[in-house]
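Here is what each chain is made of, one letter per residue.
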Amino acid sequence: MVCAVPEFLRIATAVVALLLAAWAIYLVIRSRPPRPALFAGVAVLELLAVALVITALVRLADGHKAPDPATFIGYVAAFLVVPPAGFALARMEPTKWGSAIIAVLGIVEAILVVRLQQVWTGV
Amino acid sequence: MMDVQQQPAPAPAPRRINAGIGRVLIWVYGLFALSAGARAAVQIATKFHVAPLAYTLSALAALIYLVATVCLARSTPASRRLAIICCSIELVGVIAVGAASIIWPASFPDATVWSDFGQGYGYVPLILPMIGLWWLLRRSAAPATPSE
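Let us now look at the confidence of the model for chain A. Do not read the fine detail of predicted coordinates wherever pLDDT is low. On average, residues of chain A score 91 in pLDDT, and 94% of them are at 70 or above. Here helix H3 (residues 69-91) of chain A is the element of chain A with the lowest mean pLDDT, 93, and helix H1 (residues 7-29) of chain A is the one with the highest, 96.

Below, the structure is given as C-alpha cells:
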C-alpha cells in the first residue's frame, strides 16, 4: 500500500476542495457572486495541489513506479491547471454563475485527488 | 429584472451565449474536452489495439467537446449554430453509445466517456448536451431577455 503523498495532505486537499464547493453552492442558492474569501480559498487549494504534486514527483524520483506513467502525468497536469483556470473564468463572471464555476472547480478537484491516488497505485 | 426597459433593439444584435450560465457551460465543456482528450490521447498512443472502437469514440467525443467549448466562448451567430450541432451530435452520441455499450458489451472492453450513458462521469455527459441545447435554443427563441 504505497501512498503518493502523506495521507493528511490528500485529505486536507479534498476537504478544502469540498468545503469550497459547498460554500460556492450556498452562494449560488443565495444568488450571490463569489466573494473575495472564496477566491482566496481557491488560491489555498492550488497551493495544496502544488505541495501534493511536488511530494509525488519526489517519490517518483526516489524510484516509485506508477503503473501507468502517461496517465499519471495527465492527471497531475489537470490537477494543477483546474484551480487557476476556474479562478480566471469565475473572475470574468461576477454573478451567481461565477459561484457555480467555483462549485464545479471544487468538486472536480476533489475527484482528481481520489483519481490521482488510484492511478498512482494502479487500482 | 430591474434592467432598463427602453432598449432600442433595432437590429437584433446577436445575444451573448458566453455569459451567465453560458460561462459555466464553457467551464464544464472545457473540462470535458481536457479530460476526454487527454484520456483518448493516452489510450490511442499506448494501447489502441485493445479497444479501437471505444478509443476512437473517445477521441471523437473529445473533439466535439473542444469545438463546443470554442463555439460557446466565441459567441457569434455562426458559432452558436455550430454549438447547437455539437450539442445535438453529443446527445445522439451519448444515447447511441450508451445503448450500444449495454447491448454489445464485447465491443467496448474499455470505457469511453459515453459508455453506459456517461455513468463513469456521473451522467454529466448525458445531462450536459440537454442543458446546452436548452441554453442555445432559449437564447434564439426569447428576444430581449435580460440575462440574470
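After presenting the structure, the write-up continues.
Moving on, we get to the packing of H3(A) against helix H4 (residues 96-121) of chain A. Helix packing geometry: the angle between the two helix axes and the distance between the axes. Residue and element names in this part refer to chain A. Across the interface, H3 lies against H4 with an axial gap of 9 Å and an inter-helix angle of 170°. When the axes of H3 and H4 are compared, the pair comes out roughly antiparallel. Both H3 and H4 take part in a crossing whose hand is left-handed. Taken together, the residues of H4 that come into contact with H3 (itself represented by Thr71, Phe72, Tyr75, Ala78, Phe79, Val82, Pro83, Gly86, Leu89 and Ala90) are Gly98, Ile101, Ile102, Val104, Leu105, Val108, Glu109, Leu112, Arg115, Leu116, Val119 and Trp120.

Attention now goes to the nonpolar core. Of all hydrophobic cores here, the largest spans 68 residues; its most connected members are Ile101(A), Ile102(A), Val28(B), Tyr29(B), Tyr65(B) and Ala68(B). Of all the secondary structure elements, the ones that give two or more residues to this core are H1, helix H2 (36-61), H3 and H4 of chain A together with helix H1 (21-47), helix H2 (52-74), helix H3 (77-103) and helix H4 (124-141) of chain B. For this core, the element with the most residues is H4(A), which contributes 14 residues. Sequence-distant contacts of Tyr29(B), defined by excluding residues within four places in its chain, comprise Tyr65(B), Ala68(B), Thr69(B) and Leu72(B).

Conventions adopted
Residues numbered from 1 in each chain as written. Chains lettered and ligands numbered in written order. Predicted model: local features only at pLDDT ≥ 70, side-chain atom pairs only at ≥ 80, totals over all residues. pLDDT = per-residue confidence, 0-100. Helix = DSSP H or I, 4+ residues; strand = E, 2+ residues; numbered from the N terminus. Axes fitted to C-alpha atoms, helices over the stretch in contact; angles between N-to-C directions. Parallel < 35°, antiparallel > 145°, perpendicular 65-115°, else oblique. Left-handed = near helix turned anticlockwise from the far one by under 90°. Contact = placed C-beta atoms within 7 Å. Core = buried A, V, L, I, M, F, W, Y, C linked by C-beta atoms within 7 Å. Buried ≥ 20, exposed ≤ 12 C-beta atoms within 10 Å, placed from the backbone.

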